[in-house]
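# Summary of the model geometry
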Amino acid sequence: MKTLTRFSNTLMERFLPDPYIFVAVLTLVVFLLGLGLTDTGPVEMVDYWGDGFWGLLAFTMQMVIVLVAGHVLANSPFFKRLLSSLAGLARSPGAAILLVSVVSIIASWINWGFGLVIGALFAKEIAKKVANVDYRLLVASAYAGFVVWHGGLGGSIPLSIATPDHPFAGQIGVISTADTLFTTYNLFIVLVLLITIPLLNRWMMPKPEDTVTVDPAKLEDPIEVEEPTEKTPASRLEDSVILSLLIGALGLIYLVHHFVRNGFDLNLNVVNLIFLILGIILHGTPRRFLAAVANAVKTSGGIIIQFPFYAGIMGMMTSSGLAGVISDAFVSISNEQTFPLFSFYAAGIVNFFVPSGGGQWAVQAPIMLDAAQALGVDYAKTAMSIAWGDAWTNLIQPFWALPALAIAGLKAKDIMGYCVFVLVLSGIVISVGLYFF
């Protein structure tokens, strides 16, 4: 395994470009595939790209806030002490890899945004504590846990079809999470991944001479707070703990009310509000909070620039019918037994070009649900097959890795060599769960 991972890392370091180059090449690939596999002309493909380019603006802003707010929270004195204490549980490099893997899987199962940020922050803190641990593998282990998100409490597809009046309710009705998230096959997949991914990550630990460590001092992220030269009414407000506590209290009251009304509805907006409110409270004063924000914003450039390109790709994939062509190809070779499996593989391929759970469901659901009806396959299992496919290939798709990489200070090529093996393992586990259960 050490030889294989060294070879994989070498390939990624040589041939995997910066994520911006990746999305630029992917744009051209989808453009050419649209011309070759559909009846769409070049001008139409350009229009689909341009019309879709700004389609993820709201989501892009959500991702920027989850990155910035998570970064701000992690730099608060209290949270630094908390992460440091948890990181102290790891006494060796092997224990560090196992610990960060388990924490990231559990956090991602609770909520994907929560898992992305907490996993990366925890990996960074452990690297400060544990000597001789490979930093690339540590961050890769944190990101690998993200693969379970669509089988967890924040899965967008199972939550969508459990909502009254969802777009496909007329065809499939409302499907309870008892028939999706809490089925035997889904719990089997999650549990086996919880056990096997940490063990695989531990197995991939490089030899001492190949280990890439990081100077703990370089992981420190000091916040420069500019103190006022004189006390004025404005400066007193900027240093007011009371103001921060009042705003914090407002947010906490809203959050309590939200959970009382909606149950455990931990959507991305709620996660962002939790991070922001806790950041405001734990930094003490508006001055310290704003200094932490200014420090955190520097890490969000990749998301701001690249996400519109993915929105353009989604526009070409959906409007040209290219996503449907891919889905139809898998449907044509399926039967009642293999349909969930091939739906999973089709979703994994489509996810490369439409890396959004909600967007992918909108594209594939009409085709896959009609096929499920014709073949007599359970609608709920069909939906979960697409959900797992959407989550699966995120392991080698830089789109979702950007927040974690920004926090860790790494590039995609630094972790993808390890993620390839997690992709293979998780693909086998998910396939077994969907086929035999």
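Worth saying up front: this structure is predicted, and the values here are computed from it rather than measured.

## Some remarks on the overall build of the protein chain
- If you tally the helices and strands in the protein chain, you get 23 helices and zero strands.
- Computed over the C-alpha atoms, the radius of gyration of the protein chain is 22 Å, within 12% of the 22 Å expected from 2.2 N^0.38 for a compact globule of 437 residues.
- Projected onto the principal axes, the alpha-carbon positions of the protein chain cover approximately 75 × 50 × 45 Å.
- Within the protein chain, the fraction of its 437 residues that count as buried is 54%.

## Focus on unusual backbone geometry
- You will see that Asn132, though not glycine, has its phi angle at about 65°, which is positive.
- Its location among the elements puts Asn132 in the loop between helix H7 (112-129) and helix H8 (135-144).
- Given a relative accessible area of 61%, Asn132 falls into the exposed group.

## Some words on helix H4 (residues 57-74)
- If you check H4, its first and last C-alpha atoms are 26 Å apart, about what 18 residues at 1.5 Å a residue would give, namely 26 Å.
- Most of H4 is tucked away: 13 of the 18 residues are buried.

## A word on the side chain of Ser235
- Structurally, Ser235 can be placed in helix H13 (residues 233-238).
- Given the relative accessible area of 4%, Ser235 is considered buried.
- Setting aside its immediate chain neighbours within four residues, Ser235 contacts Pro228, Glu230 and Arg287.

## A closer look at a nonpolar patch on the surface
- Residues Tyr20, Ile21, Val25, Val29, Leu33, Leu37, Ile304, Ile305 and Val325 make up a contiguous nonpolar surface patch of about 710 Å² in total accessible area.
- Looking at the nonpolar patch, the elements that each hand over two or more residues are helix H2 (19-37) and helix H17 (301-320).
- Position of Val25 among the secondary structure elements: in helix H2.

## Overview of the nonpolar core
- Counting residues in hydrophobic clusters, the biggest one holds 137 residues, and the most contacted among them are Met63 and Leu138.
- A total of eleven residues in this core trace back to one element, the largest contributor, which is helix H23 (residues 412-436).
- Apart from residues no more than four positions distant in its own chain, Leu138 is found in contact with Ala96, Ile97, Val100, Ala123, Ile126, Ala127 and Val133.

## A look at the packing of aromatic side chains
- Applying the stated rule across the entire model yields 25 aromatic pairs.
- Centroid distance Tyr435 to Phe436: 4.9 Å. Interplanar angle 80°. Geometry classified as edge-to-face.
- Pairwise contacts between aromatic rings join Phe59, Trp112, Tyr143, Phe146, Trp149, Phe307, Tyr310, Phe399 and Trp400 into one cluster.
- Positioned above the aromatic ring of Tyr185 is the side chain of Lys381, whose terminal nitrogen or guanidinium carbon lies 5.1 Å from the ring centre.

## Focus: the packing of H8 against H23
- Contact geometry of H8 with H23 gives a least axis separation of 8 Å together with a crossing angle of 50°. As summarised for this structure, H8 and H23 are arranged oblique, according to the angle between their axes. The crossing of H8 and H23 is right-handed. Every residue of H23 that contacts H8 at Arg136, Leu137, Val139, Ala140, Tyr143 and Ala144 is listed here: Asp414, Ile415, Tyr418, Cys419 and Val422.

## Some points on the pattern of salt bridges
- Under the counting rule described, the total for this entry stands at seven salt bridges.
- Where Arg136 meets Asp134, a salt bridge forms, and the shortest distance between an N and an O atom there is 2.9 Å. There is no split in this pair, since Arg136 and Asp134 are both buried.
- Measuring nitrogen to oxygen at the nearest pair gives 2.7 Å for the salt bridge that ties Asp239 to Arg287. Of this pair, Asp239 sits in the loop between H13 and helix H14 (241-262) while Arg287 sits in helix H16 (residues 286-297), and the two are 48 residues apart along the sequence.

## Let's talk about H16
- Between its terminal C-alpha atoms H16 stretches 16 Å, which fits the 16 Å expected from twelve residues at 1.5 Å a residue.
- The inward-facing, buried residues of H16 contact H4, H13, H14 and helix H15 (268-282).

## Some remarks on the confidence of the model for the protein chain
- Summary statistics for the protein chain give a mean pLDDT of 91 and a share of 100% for residues scoring 70 or more.
- Of all helices and strands in the protein chain, the one with the weakest mean pLDDT is helix H12 (residues 216-219) (84), whereas helix H11 (residues 184-203) scores best (98).

So, how was this worked out
Residues numbered from 1 in each chain as written. Predicted model: local features only at pLDDT ≥ 70, side-chain atom pairs only at ≥ 80, totals over all residues. Heavy atoms only, no water. Helix = DSSP H or I, 4+ residues; strand = E, 2+ residues; numbered from the N terminus. Rg over C-alpha atoms; globule rule 2.2 N^0.38 Å. Buried < 20%, exposed > 50% of the residue type's maximum accessible area, 1.4 Å probe, protein only. Expected span 1.5 Å × (residues − 1). Contact = heavy atoms within 4.5 Å. Patch = residues over 30% accessible without salt bridge, like charges linked within 9 Å, V, L, I, M, F, W, Y side chains within 5 Å. Areas by Shrake-Rupley, 256 points an atom, 1.4 Å probe, with all protein chains shown as cover. Salt bridge = Lys/Arg side-chain N within 4 Å of Asp/Glu carboxyl O. Core = buried A, V, L, I, M, F, W, Y, C linked by side-chain atoms within 4.5 Å. Phe/Tyr/Trp six-rings, centres within 6.5 Å; stacked < 30°, edge-to-face > 60°. Lys NZ or Arg CZ within 6 Å of the ring centre and 35° of its normal. Axes fitted to C-alpha atoms, helices over the stretch in contact; angles between N-to-C directions. Parallel < 35°, antiparallel > 145°, perpendicular 65-115°, else oblique. Left-handed = near helix turned anticlockwise from the far one by under 90°. pLDDT = per-residue confidence, 0-100.

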